[in-house]
Amino acid sequence: MTFRNISAKNILVIHGPNLNLLGKREPEIYGKTTLDDINRKLSAISRAAEVKLDTFQSNNEGELINRVQQAMDDETDFIIINPAGLTHTSIALRDALAATGVPFIEIHLSNIYAREVFRHKSYFSDLAIGVISGLGAKGYELALLFALNDR
């Protein structure tokens, strides 16, 4: 897949476990921006681009897997996902993303390679079109702009 072919019209943003605590949880690592702030910004960008954006957050791995699988049938043509702690543990969520065939970008608010060694391994990166790590909430916006490329 070349970058030029990305021009998504139905984008799904998936936020993994504990991201509902953004703005409160370890702001020195994750910043003070809340999940609602991120979703509002992404919604504004998608409205301006006249694309459909759906956001989903869960602390439950099974719910995240179900939502990824649903993307196979609901016209989702691009996924932006922050698997959070499941990045380093969830082969099942990886398998769900692989099964959909929907292109995706993996997002991390913090630089996972500048943190604990166990955070350096991602089960998703080799499947992703790209990985954005360490740019805070701006990483979501950059991923969305990439998905909107050539619109």
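The structure this text deals with has already been given above.
Below, the structure is looked at part by part. Values in this document were obtained by computation on a predicted structure and should not be read as measured data.

### Regarding the overall build of the chain
Counting secondary structure elements, the chain contains five helices and five strands. In sequence order, the secondary structure elements of the chain are arranged as β-α-α-β-α-β-α-β-β-α. For 151 residues, the compact-globule estimate of 2.2 N^0.38 gives 15 Å, and the C-alpha radius of gyration of the chain, at 14 Å, lies within 12% of that figure. By its C-alpha atoms, the chain is 35 × 30 × 25 Å across when sized along the principal axes. Counting every position in the chain, which comprises 151 residues, the buried fraction comes to 46%. Within the chain, contacts between residues separated by at least 24 positions form 77% of all contacts whose residues are at least 6 apart in sequence. Carbon together with sulfur atoms contributes 50% to the accessible area of the chain, which is approximately 7,600 Å² in total.

### Describing the sheet that holds strand S4 (residues 104-108)
Strand order in the open sheet made by the five strands is S2-S1-S3-S4-S5, with parallel pairing throughout. Each edge of the open sheet carries a strand with a single partner, namely strand S2 (52-57) and strand S5 (130-133). Between one strand axis and the next, the sheet turns through 15° on average, direction left out of account. Sheet analysis places strand S1 (residues 10-15) next to strand S3 (residues 78-82), joined by five bridges and oriented parallel. Residue pairing in the sheet places Ile 14 in a bridge with Ile 81 of S3.

### Observations regarding the environment of Asn 149
Among the structural elements, Asn 149 can be located in the segment after helix H5 (138-147). Residues Asn 149 and Leu 93 lie 56 residues apart in sequence; the distance between their C-alpha atoms is 26 Å.

### A look at the nonpolar core
By size, the foremost hydrophobic cluster in this structure holds 25 residues, and its most contacted members are Ile 11, Ile 80, Tyr 140 and Leu 144. Those residues in contact with Leu 144 that sit more than four places away from it in its chain are Ile 11, Leu 42, Ile 45, Ser 46, Leu 53 and Ile 80. Core analysis: the next-biggest nonpolar cluster, separate from the first, contains 16 residues, Leu 64, Ala 71, Leu 93 and Ala 96 among them.

Conventions used here
Residues numbered from 1 in each chain as written. Predicted model: local features only at pLDDT ≥ 70, side-chain atom pairs only at ≥ 80, totals over all residues. Heavy atoms only, no water. Helix = DSSP H or I, 4+ residues; strand = E, 2+ residues; numbered from the N terminus. Rg over C-alpha atoms; globule rule 2.2 N^0.38 Å. Buried < 20%, exposed > 50% of the residue type's maximum accessible area, 1.4 Å probe, protein only. Contact = heavy atoms within 4.5 Å. Areas by Shrake-Rupley, 256 points an atom, 1.4 Å probe, with all protein chains shown as cover. Pairing = 2+ DSSP bridges. Axes fitted to C-alpha atoms, helices over the stretch in contact; angles between N-to-C directions. Core = buried A, V, L, I, M, F, W, Y, C linked by side-chain atoms within 4.5 Å.

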